[in-house]
Amino acid sequence: MLRSNRLLAAAAVVAALVMASSWLGLFDREGELPSFDAQACSLPSDYLERTQRGYFGPRSGQIALIPREPAYMATGGGGWSHSGPWPYLQDVPLVFYGPGIIERRGAIQRPVTVADVAPTLMTMLRASLQTDGGEALDEVARFSGKMLRRPPPRLILTIVWDGGGWNTLRQWPEAWPNLARIMREGVSYEKATVGSSPSVTPAVHTTLGTGEFPSTHGITGVPMQDEQGVVVDAFLKGESSRFLQIPTVAERWDEQTDNEALVGMVGYEPWHLGMIGKGAEMSGGDRDDAVWLDVETNEWITNPSHYRSPRALVETGGLDRDLDELDAADGEADRAWRGNEILDSPDRIEETPAFIRYHARALMNMISGEGYGGDGITDLLFTNFKQIDRVGHYFNMASDEVRDSLIETDAQLGEILSFLDDEVGRGRWAVVLTADHGQQPDAGAIDGYGIDPREVEADIRDRFGAVVEAVWPTEVFLHEDRMAELGVSVEDVARFLGDYRLADNTQRPDMLVGGAGRFHSQDRIFSLAVPAVLLPDIDCGT
């Protein structure tokens, strides 16, 4: 009798476990893993096209990944990445504004990409650029007798609001009145997209500068493989721009003007150099103005072998005053911004609205001090305001910190426009404003799940050995020499990831039901995991 009762109790425990497991999805496995082609062709066609455009064989990772929407690859610390083909990351503002230069047309409702900027700039320069990626936008500039009778602008300033895509703007619709005004009074492409994935800073800025996508210009992401297959920074931390495969518009214009045109870039890091090119590193090139930040000291720096550091910009002062004003804005001098005690941290102050103000002042000092727009040869100046993106990585796009950064970035846009009227002269300048990507909403806001890339990397290592070099939001870099020694193929790792389940991404599957949004523990979390070398030849017959 006692044994019978024990059996009944054990059966009840098993039944309870089965019910709980079913509820958790542990036995609800999906069907057979689709082939690589089937995975690719199950994607929306524009997702696949953007992924193909973002691939350049010598530099990209060996495996192309797309998390299953609305899952996304979180950063190593559990934060928010912004790489992928999805519209919320791809949709960006694209505005051309220049009273007396660009006719007022308002909103244009046709699809364009940031690759269209470079050919449009060339048309504004009374030149032409034929690319496979972009085309000149007729609403902004087209060859005609009327256009040719007018002098070209003396200065074209291209401004990138890093991370200022449409989902960020719509999160804070009252925070950008100056941008809204130039959208109405200039030409605003309401359906502009980045056009390629990974949607990350180096790749998109180089698309903007060249008119081609990464599959042609060669800058695919933040990390890339060098000539020996080692994963390195895309611009080697400012040491070299040698991975850039084609000339930028700025380089072409320099050549046409015998280097008499002024060309400059003010950025946060060397990742923005794709807007202007290699400088003196290119045969026949000169040392264009180009500076970025030493992120430890927040001092403007350059590579003096290839670029020039404008004195008027570097000597700009007033940052301490800007920080003091930000500190006092809440009525308490506590060296904090919204409770974040970072105003005395040299490696954090560039994340604040105070630095946005300082950046704009330095840019304007550079324009006046170096003579941008001062003669009949059109000068090209490019700048990246990084804080919207940087703060979004720390606090998320829905934070008050991002709102503050967006408000100040927009306010400084207004200051810059007024300055250009005074310094260069109304009717003599034009501004292009865009963003390089949107931002990732928090998983809880979209019923999604933030995949832990460190766990993905560890699981690859546990399954195959030390074959993985790095897992990034849309690609995996592998050690092919070690794979050969271990008898592991790229296809093996891709199939492993294609069948990777949410429960694999954590040690605690019992915690997932409440924290994984719409996903169940046995759901596959990648909609694409294929050897990247296959991407150019995938044809879904559409």
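Here, every reference points to the structure presented above.
Let us look at the structure shown here. Along every chain, residues carry numbers that run from 1 in the direction the sequence is written. Thresholds applied to this predicted model are a pLDDT of at least 70 for local features of residues and 80 or more for the giving and counting of side-chain atom pairs; totals over whole chains, interfaces and linings are not thresholded and use all residues. In computing side-chain values, all of the structure's heavy atoms are included and hydrogens and water are not.

**As for the pattern of salt bridges**
Then step 1. By definition here, a salt bridge exists when the distance from a side-chain nitrogen of Lys or Arg to a carboxyl oxygen of Asp or Glu is within 4 Å. Here the structure, examined in full by the defined rule, presents 30 salt bridges.
Then step 2. Here arginine 308 ties to glutamate 370 by a salt bridge, and the two come within 3.0 Å at their closest N and O atoms. Separated by 62 residues along the polypeptide, arginine 308 in strand β12 (residues 307-308) and glutamate 370 in helix α14 (residues 353-370) bring together distant segments of the chain.
Then step 3. Aspartate 322 serves as the salt-bridge partner of arginine 361, at 2.7 Å between the closest nitrogen and oxygen. Strands are runs of DSSP state E lasting at least two residues, helices are runs of H or I lasting at least four, and both sets are numbered from the N terminus onward.

**Remarks on the packing of helix α15 (residues 387-395) against helix α16 (residues 400-425)**
Then step 1. Only the stretch in contact is used when fitting a helix axis, every axis being a line fitted to C-alpha atoms; angles between N-to-C directions are given from 0 to 180 degrees. It is the contact of α15 with α16, at a shortest axis distance of 9 Å, that shows an interaxial angle of 175°. On the basis of their axis angle, the class for α15 and α16 is roughly antiparallel. Mapping the contact onto sequence places Gln387, Ile388, Val391, Gly392 and Phe395 in α15 and Glu401, Val402, Ser405, Leu406 and Thr409 in α16.
Then step 2. Three classes are used, and their members are as follows: Ala, Val, Leu, Ile, Met, Phe, Trp, Tyr, Cys and Pro are nonpolar, Asp, Glu, Lys and Arg are charged, and the others, Gly among them, are polar. Partitioned by chemical class, the residues of the contact of α15 with α16 number 5 nonpolar, 4 polar and 1 charged. Under this scheme an angle from 65 to 115 degrees is roughly perpendicular, one under 35 degrees roughly parallel, and one over 145 degrees roughly antiparallel; angles in between are oblique. Here a residue-residue contact requires only that any non-hydrogen atoms of the pair lie within 4.5 Å.

**Looking at the environment of valine 456**
Then step 1. With respect to the secondary-structure elements, valine 456 resides in helix α17 (residues 453-464).
Then step 2. Sequence-wise, valine 456 and asparagine 505 are 49 residues apart; in three dimensions their C-alpha atoms are separated by 6.5 Å.
Then step 3. Leaving out residues up to four positions away in the same chain, valine 456 has contacts with Ile451, Val471, Leu497, Tyr500, Asn505 and Phe526.

**Some points on the state of the cysteines**
Then step 1. Cysteine sulfur atoms are paired as a disulfide whenever they fall within 2.5 Å. Counting across every chain of the model gives 1 disulfide.
Then step 2. Two residues share a disulfide in this structure: cysteine 41 and cysteine 540, whose sulfurs sit 2.0 Å from each other. Taking the sign of the torsion about the S-S bond as the criterion, the disulfide between cysteine 41 and cysteine 540, at about -90°, is left-handed. Separated by 499 residues along the polypeptide, cysteine 41 in helix α2 (residues 36-41) and cysteine 540 in the segment after β18 (526-531) bring together distant segments of the chain.
Then step 3. Partly exposed residues are those whose accessible area sits between 20% and 50% of the maximum for their type, while under 20% is buried and over 50% is exposed, using a 1.4 Å probe and protein chains only. Owing to a relative accessible area of 30%, cysteine 540 belongs among the partly exposed residues under this scheme.

**Overview of the packing of α17 against helix α19 (residues 490-498)**
To describe two helices that pack against each other, one gives the angle between their axes and the distance between the axes.
Then step 1. α19 packs onto α17 with a crossing angle of 125° between their chain directions and a minimal axis gap of 11 Å. Overall, the two elements α17 and α19 adopt an arrangement that is oblique. With respect to the hand of their crossing, α17 and α19 are arranged in right-handed fashion. Here Val456, Asp459, Ile460, Arg463 and Phe464 of α17 come into contact with α19, specifically with Asp492, Val493, Phe496 and Leu497.
Then step 2. Classifying every residue of the contact of α17 with α19 by side-chain character gives 6 nonpolar, no polar and 3 charged. Each crossing gets its hand from how the near helix is turned against the far one by less than a right angle, where anticlockwise is left-handed and clockwise is right-handed.

**Brief notes about the packing of aromatic side chains**
Then step 1. A pair of Phe, Tyr and Trp rings is counted when the ring centres sit within 6.5 Å of each other, with Trp represented by its six-membered ring. The angle between the planes then sorts it: under 30 degrees is stacked, over 60 is edge-to-face, the rest tilted. If you walk through the whole model with that rule in mind, you get 12 aromatic pairs.
Then step 2. Ring geometry for phenylalanine 96 against tyrosine 189: centres 6.3 Å apart, planes inclined by 85°, an arrangement best described as edge-to-face. With phenylalanine 96 in strand β3 (residues 94-97) and tyrosine 189 in strand β6 (residues 187-193), the pair connects residues that are 93 residues apart, well separated along the chain. Taken individually, phenylalanine 96 and tyrosine 189 each receive the classification buried, so the pair is uniform in this respect.
Then step 3. Aromatic ring contacts, followed pair by pair, group Phe464, Phe496, Tyr500 and Phe526 into a single cluster.
Then step 4. The rule is short: NZ of Lys or CZ of Arg within 6 Å of the ring centre and within 35 degrees of the ring normal puts a charge over the ring. Its end group placed over the ring of tyrosine 394, arginine 348 keeps NZ or CZ at 4.4 Å from the ring centre.

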